[in-house]
Amino acid sequence: MSRILRVLLAGALLLLTSPVVARAQLPRGRVSGTLVLTRLDTEVVPLGGQATNESFTGLAYGFEGALPLWKLELGLRYINGSLDNGDGNVDLDFVEGEVFLGLRPLPWVVLKAGPHARSFKTVAGVERWLFWEIRARAEAGLLSPRLGTYFEFWGALVGDVNFGRSFGSGRGAEAGLTYELGSVPLWGRLGYRVDRGTVGGGSRFDSVQEVLIGIGYGWR
């Protein structure tokens, strides 16, 4: 089990076993499996040198889950996959995970905060990003009660990298469609997500684009 997954599960377990949550009546949550078509674009700008660009694509698989607690919501996301640069010369093992605690002030709005980690493993070593983010998500119906849409935006307040210079910035967005079967708590999702991280001083820019295809269980 990867280091990121162990950290995410430990954080979720601590929240679930806290006194506040333990005294609460836990309603049913939801969970989904996701196929992720992933593209990574990396631009490196060395001091006094010429910028280099490289792109990697591949498939990743993972899961997402959410547990509502009155107006609070505990969320977890984990994906793992392999990317390559198109000619088979460079392969990356790609791991990404998130844990968020959200507040739902309105039925269709969720405000979230928590850690978001990403790592790429190559023969040269492991490069890690860590973002501490705040997020806002809005959900709405489309044409029928079963068909819905959602939009989510986020930005990193602070972060850390284990390579190059210090952390610079991070931000992203996701949008998609959901469809509920209605008679049973099954639903599908098609979404698009883009996430961008920079290293301080503008020495590196990473952009991750994902097409998300998921099937979930649980009332949304």
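The rules behind each value
- Residues numbered from 1 in each chain as written.
- Predicted model: local features only at pLDDT ≥ 70, side-chain atom pairs only at ≥ 80, totals over all residues.
- Heavy atoms only, no water.
- Pairing = 2+ DSSP bridges.
- Helix = DSSP H or I, 4+ residues; strand = E, 2+ residues; numbered from the N terminus.
- Axes fitted to C-alpha atoms, helices over the stretch in contact; angles between N-to-C directions.
- Phe/Tyr/Trp six-rings, centres within 6.5 Å; stacked < 30°, edge-to-face > 60°.
- Buried < 20%, exposed > 50% of the residue type's maximum accessible area, 1.4 Å probe, protein only.
- Salt bridge = Lys/Arg side-chain N within 4 Å of Asp/Glu carboxyl O.

A. Fine view of the pairing of strand β4 (residues 91–106). Pairing between strand β3 (residues 72–84) and β4: 13 bridges, direction antiparallel. Note that in β4 the partner of Arg77 across the bridge is Glu98. The sheet contact formed by β4 and strand β5 (residues 109–122) spans ten bridges and is antiparallel. In the strand pairing of β5, Leu103 is matched with Leu111. Between β4 and β5, which pair antiparallel and follow one another directly, the connecting turn spans two residues.

B. Focus on the sheet that holds strand β6 (residues 125–142). In spatial order, the strands read β1-β2-β3-β4-β5-β6-β7-β8-β9-β10; together these ten strands close into a barrel with antiparallel pairing. Shown here is a sheet whose adjacent strand axes are inclined to one another by a mean of 20°, direction ignored. Sheet topology places β6 next to strand β7 (residues 144–161); 14 bridges connect them, and they run antiparallel. Among the inter-strand pairings, Arg137 is bridged to a residue of β7, identified as Glu152.

C. Layout of the packing of aromatic side chains. On inspection of all chains with the given rule, the structure shows five aromatic pairs. With a centroid separation of 5.4 Å and an interplanar angle of 15°, the aromatic rings of Phe94 and Phe120 are classed as stacked. With Phe94 in strand β4 and Phe120 in strand β5, the pair connects residues that are 26 residues apart, well separated along the chain. Each member of the pair, Phe94 as well as Phe120, carries the same accessibility label: buried. Here the aromatic rings of Trp129 and Phe131 are separated by 5.8 Å at their centres, their planes lie at 5°, and the arrangement is stacked. Residue Trp129 shares its accessibility class with Phe131, and that shared class is buried. In this structure an aromatic cluster arises from ring pairing among Trp129, Phe131, Phe163 and Phe167.

D. Representation of the pattern of salt bridges. Inspection of every chain in the model, using the stated rule, returns 24 salt bridges. Across the pair Glu174 and Arg193 runs a salt bridge, and its minimum N-O distance is 3.4 Å. Of this pair, Glu174 sits in strand β8 (residues 167–180) while Arg193 sits in strand β9 (residues 186–199), placing them 19 residues apart in sequence. In terms of burial, Glu174 and Arg193 fall into one category: buried. Between Arg204 and Asp206 there is a salt bridge, and its shortest N-O distance comes to 3.0 Å. Comparing Arg204 with Asp206 shows no difference in burial state: the two are buried.

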